[in-house]
Amino acid sequence: MKKIVIGNWKLNLDHLEAIQLLQKLNYTIEENKEEKIDIVVSPSHTSLRSIQTIIDTDKLNIKLSAQDVSQFNEGAYTGEVSSQQLSKLNVKYCIVGHSERRTEFVESDETINKKIHNLIDKDITPVICFGETLEQRNSNKYLEHITSQINSAVKGLRKDKVDNLVFAYEPIWAIGTGEVASIIDAVEVISMVKENVSEKAFYNNEKIRFIYGGSVTPDNSEEILNSEIIDGALVGGASLNVDKFVTIINSINL
Ligand code: PEP
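Now for a quick tour of the structure. Quantities reported herein were computed from a predicted structural model and do not represent experimental measurements.

## Thoughts on the site of the ligand
Here is step 1 of the chain: In the neighbourhood of the ligand, 14 residues make up the surrounding shell, with K10, E170, G176, S215 and G236 lying closest.
Here is step 2 of the chain: Between an oxygen atom of the ligand and a side-chain N or O atom of H98, the distance comes to 2.9 Å.
Here is step 3 of the chain: In this structure, an oxygen atom belonging to the ligand sits 2.6 Å away from a main-chain N or O atom of G176.
Here is step 4 of the chain: Coverage of the ligand by the protein chains reaches 96% of its 290 Å² of free accessible surface.

In structure tokens:
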């Protein structure tokens, strides 16, 4: 399985700063690295057009992701951006259900499921985030919680319409905190989710990737990214620093 490393730039960088980061990233990545690893950047919506123009014009092998999409397709939904609009910008991936959106913007499992359907309809690969709070982990309810998040996320997806999916296990207590789930914790959850998802057999097993996110840095990326069970990483803070992000990418033994 080809590994994938996604840089989630969150609410940082104006479009000029985003262009600079992309260009620095492009000349820092070792040549031909992208043949073996999918390298993806996820800027704010305001930078998507500029980044897409550079990727397309200069034929960069870096792929473009959005950080969110609307649950609606068009109409009177002020402030929203549709999967159709993203697809016109050649957006290949879109993060959905990030814990920051679930918490700060009170996104429900139902809303997240609608967003996933909209993305798949436009051939954009959803990066479906899921994970537990520290409280849920400590009360040993986390596997139950995660199973319910996954089941809601994939509700109604038809095998013949799903080519690609990425599931990102992001324990909430590990996002932006410096705390990292132990490799044992990450492997336990990802293995359980893989089994659960494959029991449903609604997709092409070969093409689904299960990645980890939560304080991934050059100090811990080697162990995470070389696990046979983990197909890549969703990197927040460290992706804003090109040297750190490229060190994370390079820690994959090819
Ligand atoms: C994230 O935003 O998805 C994330 C994992 O952030 P960080 O790497 O900063 O913990």
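## A word on the pattern of salt bridges
Here is step 1 of the chain: Summed over all chains, the structure comprises twelve salt bridges.
Here is step 2 of the chain: Its salt-bridge partner being R101, residue E107 comes within 2.7 Å of it at the nearest N-O pair.
Here is step 3 of the chain: By relative accessible area, which is 11% here, E107 ends up buried.
Here is step 4 of the chain: By sharing partners, the salt bridges in this structure join K2, D38, K63 and R209 into a single network.

## Description of the side chain of K3
Here is step 1 of the chain: For K3, the location among the structural elements is in strand β1 (residues 3-8).
Here is step 2 of the chain: The side chain of K3 sits in the buried core without any salt bridge; D231 is the nearest counter-charge, 5.3 Å away.
Here is step 3 of the chain: Among the polar contacts listed, one links the side chain of K3 to the backbone oxygen of I230, at a separation of 2.7 Å.
Here is step 4 of the chain: Beyond its immediate sequence surroundings of up to four residues, K3 is in contact with K36, I37, D38, R209, L225, N226, S227, I230, D231, G232 and I252.

## As for the packing of aromatic side chains
Here is step 1 of the chain: Counted according to the given criterion, the structure contains four aromatic pairs.
Here is step 2 of the chain: Centre to centre, the rings of F72 and Y77 are 3.7 Å apart; their planes meet at 0°, and the pair counts as stacked.
Here is step 3 of the chain: For Y77, a relative accessible area of 37% gives the class partly exposed.
Here is step 4 of the chain: Grouped by ring-pair contacts, the aromatic residues F130, Y169 and Y212 constitute a single cluster.

## Brief notes about the packing of helix α1 (residues 15-28) against helix α11 (residues 242-250)
Here is step 1 of the chain: Two elements in contact, α1 and α11, have axes whose closest approach is 10 Å; the angle formed by their N-to-C orientations is 40°. By the angle between their axes, α1 is oblique relative to α11. Both α1 and α11 take part in a crossing whose hand is right-handed. Of α11, the residues touching α1 (which contributes L21, K24, L25 and T28) are V242, D243, F245 and V246.

About the criteria used
- Residues numbered from 1 in each chain as written.
- Predicted model: local features only at pLDDT ≥ 70, side-chain atom pairs only at ≥ 80, totals over all residues.
- Heavy atoms only, no water.
- Near = heavy atom within 4 Å.
- Polar contact = N/O pair within 3.5 Å; in protein donor to acceptor, adjacent residues only side chain to side chain.
- Areas by Shrake-Rupley, 256 points an atom, 1.4 Å probe, with all protein chains shown as cover.
- Salt bridge = Lys/Arg side-chain N within 4 Å of Asp/Glu carboxyl O.
- Buried < 20%, exposed > 50% of the residue type's maximum accessible area, 1.4 Å probe, protein only.
- Helix = DSSP H or I, 4+ residues; strand = E, 2+ residues; numbered from the N terminus.
- Lys, Arg positive; Asp, Glu negative; His and termini not counted.
- Contact = heavy atoms within 4.5 Å.
- Phe/Tyr/Trp six-rings, centres within 6.5 Å; stacked < 30°, edge-to-face > 60°.
- Axes fitted to C-alpha atoms, helices over the stretch in contact; angles between N-to-C directions.
- Parallel < 35°, antiparallel > 145°, perpendicular 65-115°, else oblique.
- Left-handed = near helix turned anticlockwise from the far one by under 90°.

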